[in-house]
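Residues per chain, in single letters:
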Amino acid sequence: MCATSPQAQQWMLCPQCDLTVRLPAVPAGSRARCPRCHTQLLANWHEPRRRPTGYALAALFMLVLANLFPFIDMHVAGLSSRITLPEIPRVMVREDYRSLASLFLLFVQGIPAFCMVTILLLVNRIALPHPLRRGLARILFQLRSWGMAEIFMAGVLVSFVKLMAYGEIGLGSSFWPWCLFCLLQLRAFQCVDRRWVWQQIDALPALPFTPQAGKSGLQQGLRSCPCCTAILPVTQPRCDRCGVAAAPRRRHSLQWTLALLLTSVMLYIPSNIMPIMVTETLGSQYPSTIMGGVILLMSDGSWPVALVIFIASIMVPSLKMVAIGWLCWHASGRGQRDGEKMHLIYEVVEFVGRWSMIDVFVIAVLSALVRMGQLMNVYPAPGALLFALVVILTMFAAITFDPRLIWDRQQETERKESRLDGQQSRDC
C-alpha cells in the first residue's frame, strides 16, 4: 500500500453531489455514505484481496465451462436444435447481422471477462508496469455498467416462455455454469472498492488546504478527480495520481446529454415501427414489432412475460428519455429546486437503462436456436439494431449528464433565498 498523508485520507468530495465529507473510521465490513445524497463513498471489506480474487477466479472458470458445452436445446415435431453460447453470434454473422453479433460478444462475454481479469491483476500484488496498472484501473470502473451478462440471462428466461408454446425446451450442461458466472461476476465487482484499489496503485496527493465539511467543493476552490477520487484544486486540469484530465464540472454536459437524447428519440420511433424479428413458418414470414410481440404474448396467456417485455422495452426507454429531459430542464435552472428527488430520479435512470437490452438478447437466443428447416425459423430484423442503439445512446446520455449540476442549482437558490431573507429582515 502506498503511503498517504492522514489528512488526505480523511477527506472526500462526493462524486454525485460534490459535498465535502470528512470520512469517519469505517470498521471492516461497513460502508460510508454521503450524508446528503446517500451515495456510497467507500467500503471497507473483510479480506479485500481474497474475496474479489476468489469470486473473479470462480467466475472465469464458470465462463469457460459455459462456453464449452451445449447451452439450450429444443425439440419440435421430431426435429431438434441445440446451441452453445459461441454459436449465437455465429448465427447472427451468417444472417448478415454482424453488428448485433458484435454487441453480444462485447456486452455479454467480452466486457465481463475483461473486468474479471482486470480485478485479478489489480487487487493482487502482481508485478505490472505502473502506467499499465493505472490504465487498467481507469478502464475497470468505466466498464462496470456495460457488462450485461445478467441481462442476457433474463433474456434467456423470457425466451424459454416464448419457446414453450412451440415445443419442448431442455437445459444444456452449460446453463448452470452461466447462471453461476452471472452471480459471481456481480459479487466480484461488489467486493472491489475504487478508493482502496487506487490506494494500492499510488498515494493520494496532498490537500492544497484543509477543506470545510458540509460545503460544496466548488465553493472552496476544490474538485474531485472523477477517476481516483483525489481532491484537487479547481485550477489543476490533470490529476497527478491517475493522469485523468477533467474540469470541476463536465464540460458541455447538458449539450451533450440533450444531443444524445434527441438522437435516441429519433431512433426510438422507427425502432418501434419496424419489425425487430421475423418468424418463418412453412415458407410464410411473419414480421413482429416490439408491441406486436407483447400483444402476442398476452393473447397466448403469458401475462407475466408480456408485462416484463412491455416494461423493459416500451415503458423503461420512454420514461428514461422523459426523465433525462426533466433532469436537463432542472439542471439548467428551471423547475422546482428539489435536489433529493431529482438525484433519486437520476440514480433510477442510471440503473434501469441497460435492462432494456432484454428484448435484443431474446432475439439473439431465438434466432440462434429456432432453426428447424422448412418447419420454423427466426431471424433478426433491422428494428432490433435500432432499438439496441437507442439503449446505448440513452446510457451514454445518462453518463454525460453531471448530477452535481442538480445540487449546484439548489445551492444557488438557497443562497438567493437567504440573501432575500436577510434583506427583508434589515428592511424591517
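Note that the structure is a prediction, hence the values are computed from the model and not measured.

Participant: In this structure, what is going on with the environment of Cys 37? I would like to understand it.
Facilitator: Its place among the elements puts Cys 37 in the loop between strand E3 (30–33) and strand E4 (40–44). Cys 37 gets classed as buried once you look at its relative accessible area, which sits at 6%. Along the sequence, Cys 37 and Glu 47 sit 10 residues apart, while their C-alpha atoms lie 28 Å from each other. Not counting the four nearest positions on each side in its chain, Cys 37 is found in contact with Cys 14, Gln 16, Cys 17, His 343, Glu 347 and Trp 407.

Participant: How should the sheet that holds strand E11 (residues 284–288) be read in this particular structure?
Facilitator: Backbone-to-backbone hydrogen bonds pair the strands of a sheet. The strands run either parallel or antiparallel. Strand order across the open sheet formed by three strands is E11-E10-E12, with antiparallel pairing between neighbours. At either end of the open sheet lies a strand with only one pairing partner, and these are E11 and strand E12 (376–380). Strand-to-strand twist in this sheet, taken as the mean axis angle between neighbours without regard to direction, amounts to 20 degrees. Sheet analysis places strand E10 (residues 277–281) next to E12, joined by five bridges and oriented antiparallel. Pairing of Thr 279 across the sheet is with Val 378, part of E12. On the sheet, helix H13 (residues 358–369) packs against E10 and E12 and is oriented at approximately 140 degrees with respect to E12.

Participant: I tried to follow the confidence of the model for the protein chain on my own but got confused; where do I start?
Facilitator: The share of residues in the protein chain with pLDDT of 70 or more is 92%, and the mean pLDDT across the chain is 86. Taken element by element, the predicted model of the protein chain shows its lowest mean pLDDT in helix H15 (residues 404–427) (66) and its highest in helix H2 (residues 50–68) (95).

Participant: Explain the sheet that holds strand E7 (residues 168–171) here, please?
Facilitator: Read from one edge of the open sheet, three strands run E6-E5-E7, paired in antiparallel fashion. The sheet terminates laterally at strand E6 (79–83) and E7, the two strands that pair on one side only. Going across the sheet, the axis of each strand differs from the next one's by a mean of 15 degrees, ignoring polarity. Here four bridges tie strand E5 (residues 72–76) to E7, and the two strands are oriented antiparallel to one another. Residue pairing for E7: His 75 is matched across the bridge by Glu 168.

Participant: What should I look at first to understand the nonpolar core in this one?
Facilitator: Most often, soluble globular proteins keep nonpolar side chains buried together rather than apart. Phe 152 and Trp 178 are the most contacted members of the largest nonpolar core, which totals 137 residues. Looking at this core, the element that brings in the most residues is helix H4 (residues 98–123), giving 14 residues. For Trp 178, the residues in contact, after removing those within four places along its chain, are Leu 63, Ala 66, Phe 71, Leu 85, Val 108, Gln 109, Ala 149, Phe 152 and Met 153.

Participant: I tried to follow unusual backbone geometry on my own but got confused; where do I start?
Facilitator: Keep in mind that most residues, glycine aside, have a negative phi and that most peptide bonds are trans. For Asp 18, which is not glycine, the phi dihedral falls at a positive 70 degrees. Within the fold, Asp 18 resides in the loop between strand E1 (11–13) and strand E2 (20–22). Residue class for Asp 18 comes out buried when judged on its relative accessible area of 0%. A positive phi angle, close to 70 degrees, is found at Thr 229, a residue other than glycine. The topology assignment puts Thr 229 in the loop between strand E8 (222–224) and strand E9 (231–233). On the basis of relative accessibility, which here comes to 8%, the residue Thr 229 falls in the buried class.

Participant: Mind showing me how you'd approach the packing of aromatic side chains here?
Facilitator: The description of an aromatic ring pair uses the distance of the two centres, along with the angle that the planes make with each other. Considering all chains together, one arrives at 11 aromatic pairs under this definition. Each residue in the set Phe 71, Phe 104, Phe 152, Phe 160, Phe 175, Trp 176, Trp 178, Phe 181 and Phe 361 is aromatic and connected to the rest through ring pairs, giving one cluster.

Participant: Honestly, the pattern of salt bridges in this entry has me stumped. Any pointers?
Facilitator: Side-chain pairing between opposite charges can occur once the charged atoms of the two side chains come close. A complete count under the given rule lists six salt bridges for this structure. The shortest N-O distance in the salt bridge between Asp 96 and Arg 98 comes to 2.7 Å. Classification of Asp 96 as exposed rests on a relative accessible area of 56%. A salt bridge links Arg 249 to Asp 408, with the nearest nitrogen and oxygen atoms 2.7 Å apart. Residue Arg 249 is located in the loop between E9 and helix H9 (253–273), and its partner Asp 408 is located in helix H15; the two are separated by 159 residues in the primary sequence. Accessibility expressed as a relative area gives 12% for Arg 249, which makes it buried. A single network of salt bridges, built from pairs that share partners, joins Asp 18, Arg 249 and Asp 408.

Parameters at a glance
- Residues numbered from 1 in each chain as written.
- Predicted model: local features only at pLDDT ≥ 70, side-chain atom pairs only at ≥ 80, totals over all residues.
- Heavy atoms only, no water.
- Helix = DSSP H or I, 4+ residues; strand = E, 2+ residues; numbered from the N terminus.
- Buried < 20%, exposed > 50% of the residue type's maximum accessible area, 1.4 Å probe, protein only.
- Contact = heavy atoms within 4.5 Å.
- Pairing = 2+ DSSP bridges.
- Axes fitted to C-alpha atoms, helices over the stretch in contact; angles between N-to-C directions.
- pLDDT = per-residue confidence, 0-100.
- Core = buried A, V, L, I, M, F, W, Y, C linked by side-chain atoms within 4.5 Å.
- Phe/Tyr/Trp six-rings, centres within 6.5 Å; stacked < 30°, edge-to-face > 60°.
- Salt bridge = Lys/Arg side-chain N within 4 Å of Asp/Glu carboxyl O.

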